[in-house]
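Secondary and tertiary structure notes
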Amino acid sequence: MDLQLLVSTANFAAIKHKDQRRKDPDQTPYINHPIGVAEILSKEGNVSDIEVLQGALLHDTVEDTETTFEEIEELFGSNVRGIVAEVTDDKGLPKQERKRLQVVNAPKKSKKAKLVKLADKLYNLRDLNRSTPSGWSQERVEEYFQWAANVVQGLRGTNEALEKELDKLFKERNII
Ligand SMILES: Nc1nc2c(ncn2[C@@H]2O[C@H](COP(=O)(O)OP(=O)(O)O)[C@@H](OP(=O)(O)OP(=O)(O)O)[C@H]2O)c(=O)[nH]1
Ligand SMILES: [Mn+2]
């Protein structure tokens, strides 16, 4: 039953993200990201809480597609909706403000939302090491690393393995 639910959640995310691509020069399908975030949690973070894994699969659906929180609640329940809501930026705000709020609000998030955020940052930072998004300067990449380190600072004490992997990346860039 749980397995079926997890597969349905992945399928829902795949349908929602179907026309979206990552910003890398290869234009990788966007769904690779939420699936990769869920895999980081399961494999590296040893997380088996299905709500967290569902939250990871769905974490960018409301922010980046036409998906509504109501839709997520109807299909997956209020707990999963809550996790997704906690990790969804308000796209109505200016970008700088959104970025600032992530840093300020990170420590206030629930443990489940913190897990999704840690894995999201880990995936995106590894992705930046793998390839530079189209149009990004090296300075912009450095700024993203610096900002991500500030967000992660507010998420600490949540999952040792994931925090250790993030620290490796920050050390390579001389951030910590
Ligand atoms: N590293 C990388 N990121 C890519 C790529 N394609 C899309 N992204 C997404 O871009 C976002 C980071 O880029 P920014 O310019 O800082 O943010 P913006 O898209 O909101 O404007 C991340 O969003 P997010 O997952 O919502 O996380 P967050 O950074 O907003 O916390 C990330 O998933 C790619 O090829 N490489
Ligand atoms: Mn994401």
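Up top you'll find the structure we're talking about.
Worth saying up front: this structure is predicted, and the values here are computed from it rather than measured.

About the cut-offs
Residues numbered from 1 in each chain as written. Chains lettered and ligands numbered in written order. Predicted model: local features only at pLDDT ≥ 70, side-chain atom pairs only at ≥ 80, totals over all residues. Heavy atoms only, no water. Salt bridge = Lys/Arg side-chain N within 4 Å of Asp/Glu carboxyl O. Helix = DSSP H or I, 4+ residues; strand = E, 2+ residues; numbered from the N terminus. Buried < 20%, exposed > 50% of the residue type's maximum accessible area, 1.4 Å probe, protein only. Donors = N, O, S within 2.8 Å, 3.2 Å for Na, K, Ca; no water.

Looking now at the pattern of salt bridges. The full count for this structure, using the stated rule, is 17 salt bridges. Ionic pairing is found between Glu39 and Lys43, a salt bridge with its closest N-O pair at 3.7 Å. Note that Glu39 and Lys43 are positioned in helix H2 (residues 32-44) at a spacing of 4 residues, about one turn of the helix. Judged by relative accessible area, Lys43 falls into the exposed class, the value being 64%. A salt bridge links Arg81 to Glu73; its shortest N-O distance comes to 2.8 Å. Relative accessible area serves as the criterion here: at 24%, Arg81 is assigned to the partly exposed category. A relative accessible area of 33% places Glu73 in the partly exposed class. Connected via shared salt-bridge partners are Arg22, Asp24, Asp127 and Arg130.

Let's shift gears to the coordination of the manganese ion (ligand 2). The protein atoms that coordinate the manganese ion (ligand 2) are His33 (NE2), His59 (NE2), Asp60 (OD) and Asp120 (OD), at distances spanning 2.2 to 2.4 Å. Of note, the donors binding the manganese ion (ligand 2) are all from one chain and are spaced H-x25-H-D-x59-D. No difference in accessibility class separates His59 from Asp60, as the two residues are buried.

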